[in-house]
Amino acid sequence: MFAERYGTIPTIYRAPGRVNLIGEHTDYNDGFVMPAALDLYTYVAVSPRPDRKLRVYSENLGEMCDLNLDLIHPGSSGHWNDYVRGVAGVLESYGYRLRGADLAILSEVPLGAGLSSSAALEVSTALAILSSSQISVDRTTVAKLCQKAEHLYAEMRCGIMDQFISCHGRAGHALMLDCRSLDFQLLPIPGHVRLMACNTMVRHEHASSGYNTRRQECEDSFRALTAVLPGIRALRDVTLDDLENHSNRLSDVIYKRVRHVVTENDRVKKSASALKTGDIAEFGRLMADSHRSLRDDYEVSTSELDLMVELANCQKGVYGARMTGGGFGGCTINLVDAAHAQEVQQRLEQDYEARTGLRPTILICEASHGAGTVPEDPPESNEPTE
Ligand code: GLA
């Protein structure tokens with residue numbers, strides 16, 4: 001497709017979408033998360049140009065657009081190309097002098113379903129345009145720059161989780177990330193467990209403004225608590241006792257937001273221990289608590305997400321179910337016994353459609369490798385293993 005359109009043979013990069021197993025809305029509070037990369041990728045084919053133009057073709061949308069690297073400025077236009085423009089703009093603003101390039105994009109990650117299609121596009125674009133400019137940048141820096149692009153060019157004040165897992169995912173593993181130090185541990189997912197992503201097919205218009213509001217609420221509560229807890233650097237440092245002792249400084253709503261963050265960080269640590277000992281039943285219980293906390297305290301779930309979780313919990317072979325990602329629509333994640341996965345998939349499709357009239361997409365996925373070239377290159381040697 002690329003050769004037909006541009007008349008050259010490209011190099012191809014890819015970056016995956018993700019599900020988050022547990023640890024929601026904790027990343028921007030310096031906390032803990034545990035995502036896995038999915039076997040769904042965004043591919044970017046690239047070939048350098050002698051000028052400073054980026055010609056970008058989206059195969060999914062059948063649209064072409066041109067960018068001039070000398071005329072990129074922050075701000076969202078609501079166009080799909082904001083992500084490509086954003087990555088190029090941020091790289092240039094950090095002093096990476098890019099060459100022009102012809103690009104073609106093909107995404108397997110469903111767009112706008114809460115499986116991080118935007119992070120997959122940002123990371124694959126970054127790898128493609130950096131390498132065609134013969135610039136080498138380590139993966140953690142790529143993740144941080146892509147996060148910046150999302151802040152400045154999509155006006156979504158996301159944390160680091162999505163871009164980080166897209167860069168560092170490992171097949172068969174969940175990744176527990178300390179979002180303060182960016183230290184991470186790769187935790188093997190038992191072979192008999194499948195990841196099931198269930199798209200409710202409902203995404204609220206205000207998803208990104210709702211997200212930014214939650215982030216603001218966390219910043220406000222941090223400021224209120226720092227007056228009485230001067231040692232804290234983020235909500236990650238607040239304990240449940242601290243929260244109870246100083247609840248009078250917080251409104252009821254803000255108190256609940258903080259309670260979610262504090263208890264969710266604890267759940268991620270407990271989930272990591274459960275995964276290490278192969279106690280998937282315990283992991284499932286922690287997922288159920290996480291969902292309740294997101295629904296009642298953080299208030300980012302929807303009736304469709306709640307229903308999808310409730311239906312999953314009635315199925316044989318489901319260890320745990322919860323909403324995944326930012327919320328306000330999108331997907332749930334189930335951990336399912338491999339032997340029951342297909343039956344659970346069929347039942348959920350039928351039951352959810354019968355209750356809502358919406359036909360959901362239920363994907364049985366495997367934890368997969370993070371970003372790289374196609375065909376795959378070996379992982380960076382300085383990464384921790386297990
Ligand atoms: C979105 C953001 C992430 C994270 C999650 C919620 O996916 O991009 O950084 O905050 O929401 O956990």
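Visitor: Just to check I follow, could you spell out the overall build of the protein for this structure?
Guide: Regarding its fold elements, the protein presents eleven helices and twelve strands. Across its three principal axes, the protein shows a C-alpha extent of roughly 60 × 55 × 40 Å. The buried share among the 386 residues of the protein stands at 58%. By sequence separation, contacts in the protein at least 24 residues apart represent 72% of the contacts at least 6 residues apart. About 15,700 Å² of surface is accessible on the protein, with carbon and sulfur atoms providing 47% of the total.

Visitor: What should I look at first to understand the domain arrangement of the protein in this one?
Guide: For an interface, size is often stated in terms of accessible area lost upon the parts coming together. Split into domains, the protein comes out as domain 1 (2-188 + 370-374) and domain 2 (193-365). Each of domain 1 and domain 2 has a C-alpha centre, and the two are 25 Å apart. Both sides of the domain 1 and domain 2 interface together cover about 3,400 Å² of buried area, and 61% of this is carbon and sulfur. Along the contact surface separating domain 1 from domain 2 lie four salt bridges. Linking R180 and D237 is a salt bridge whose minimum nitrogen-to-oxygen distance equals 2.8 Å. Elements supplying a minimum of two residues to the side of domain 1 that touches domain 2: β1 (11-22), β2 (32-48), β6 (173-178) and β7 (184-188).

Visitor: Where do I start with the pattern of salt bridges in this structure?
Guide: Pairs can form between side chains of opposite charge whenever their charged atoms are close. Counted according to the given criterion, the structure contains 29 salt bridges. A salt bridge links D178 to R236; its shortest N-O distance comes to 3.0 Å. With a gap of 58 residues between them, D178 in strand β6 and R236 in the loop between α6 (207-226) and α7 (240-245) connect regions that are remote in the sequence. In this structure D178 comes out as buried when scored by relative accessible area, which is 15%. You can call R236 partly exposed: its relative accessible area is 22%. The shortest N-O distance in the salt bridge between E282 and R285 comes to 3.2 Å.

Visitor: What is the right way to read the sheet that holds strand β9 (residues 318-323) from this model?
Guide: The pairing of strands in a sheet comes from backbone hydrogen bonds and takes either a parallel or an antiparallel form. The antiparallel open sheet is built from four strands, whose spatial order is β9-β10-β8-β11. Bordering the open sheet on either side are β9 and β11 (361-365), each of which pairs with just one other strand. Between one strand axis and the next, the sheet turns by 20° as a mean value, whatever way the strands run.

Visitor: Would you mind showing me how to read the pairing of strand β8 (residues 193-203) here?
Guide: Within a regular strand, the side chains alternate between the two sheet faces. In terms of residue burial, β8 counts as a mostly covered element, since eight of its eleven residues are buried. Here β8 pairs with β11 via five bridges, running antiparallel. From the neighbouring strand, M196 faces β11, where its bridge partner is I364.

Visitor: What am I meant to see in the environment of D337 here?
Guide: Residue position: D337 is located in strand β10 (residues 329-337). With a relative accessible area of 18%, D337 lands in the buried category. For the pair formed by D337 and H192, sequence separation is 145 residues and the distance between their alpha carbons is 5.8 Å. Ignoring sequence-local partners within four residues, the contact set of D337 consists of H192, G317 and Y319.

Visitor: Is there a simple way to think about the packing of helix α10 (residues 303-313) against helix α11 (residues 341-356) in this case?
Guide: Two packed helices can be described by the angle between their axes and the distance between those axes. Close contact between α10 and α11 brings their axes to 10 Å; oriented N to C, the two are set at 140°. With respect to their mutual orientation, α10 and α11 come out oblique. The two elements α10 and α11 cross, and the hand of that crossing is right-handed. Touching E304, L307, M308, E310, L311 and A312 of α10 are L348, D351, Y352, R355 and T356, all from α11. When its residues are assigned to classes, the contact of α10 with α11 shows six nonpolar, one polar and four charged.

Visitor: Before we go on, may I ask you to explain the environment of T141 in this structure?
Guide: Along the chain, T141 falls in helix α4 (residues 139-153). The spatial distance from the C-alpha of T141 to the C-alpha of R285 is 35 Å, given a sequence separation of 144 residues.

Visitor: I tried to follow the site of the ligand on my own but got confused; where do I start?
Guide: If you check the shell around the ligand, you find R18, E24, H25, D27, Y28, C158, G159, M161, D162, Y211, G325 and G326 and nothing else. In this structure, an oxygen atom belonging to the ligand sits 2.7 Å away from a side-chain N or O atom of E24. Here an oxygen atom of the ligand sits 2.8 Å away from a polar atom, N or O, in the main chain of G159. For the ligand, whose free accessible area comes to 310 Å², the fraction covered by protein is 96%. The residue makeup of the shell around the ligand, split by class, is four nonpolar, four polar and four charged. Viewed by domain, the shell around the ligand spans two of them, domain 1 (2-188 + 370-374) and domain 2 (193-365), each represented by three or more residues.

Visitor: Where do I start with the nonpolar core in this structure?
Guide: Most often, soluble globular proteins keep nonpolar side chains buried together rather than apart. Ranked by size, the top nonpolar core spans 49 residues in total, and within it L54, L103, V142 and L177 carry the most contacts. Residue contributions to this core peak at seven residues, all from helix α3 (residues 117-132). Not counting residues up to four positions away in its chain, the partners in contact with L54 are C65, D66, L67, L69, V84, A88, R99, G100, A101, L103 and I129. By size, the runner-up hydrophobic cluster in this structure holds 32 residues, among which are L115, I189, A197 and I333.

Visitor: Is there a simple way to think about the pairing of β10 in this case?
Guide: Buried residues dominate β10, accounting for nine of its nine residues. Across five bridges, β9 lies against β10 in antiparallel orientation. By the bridge assignment for β10, R322 is matched with I333. From the end of β9 to the start of β10, which pair antiparallel, there are five residues, and G325 there has a positive phi angle of about 90°.

Thresholds, definitions, all that
Residues numbered from 1 in each chain as written. Predicted model: local features only at pLDDT ≥ 70, side-chain atom pairs only at ≥ 80, totals over all residues. Heavy atoms only, no water. Helix = DSSP H or I, 4+ residues; strand = E, 2+ residues; numbered from the N terminus. Buried < 20%, exposed > 50% of the residue type's maximum accessible area, 1.4 Å probe, protein only. Contact = heavy atoms within 4.5 Å. Areas by Shrake-Rupley, 256 points an atom, 1.4 Å probe, with all protein chains shown as cover. Domains from an automatic or database assignment. Buried area = accessible area lost by both parts, 1.4 Å probe. Salt bridge = Lys/Arg side-chain N within 4 Å of Asp/Glu carboxyl O. Pairing = 2+ DSSP bridges. Axes fitted to C-alpha atoms, helices over the stretch in contact; angles between N-to-C directions. Parallel < 35°, antiparallel > 145°, perpendicular 65-115°, else oblique. Left-handed = near helix turned anticlockwise from the far one by under 90°. Nonpolar A, V, L, I, M, F, W, Y, C, P; charged D, E, K, R; others polar. Near = heavy atom within 4 Å. Polar contact = N/O pair within 3.5 Å; in protein donor to acceptor, adjacent residues only side chain to side chain. Core = buried A, V, L, I, M, F, W, Y, C linked by side-chain atoms within 4.5 Å.

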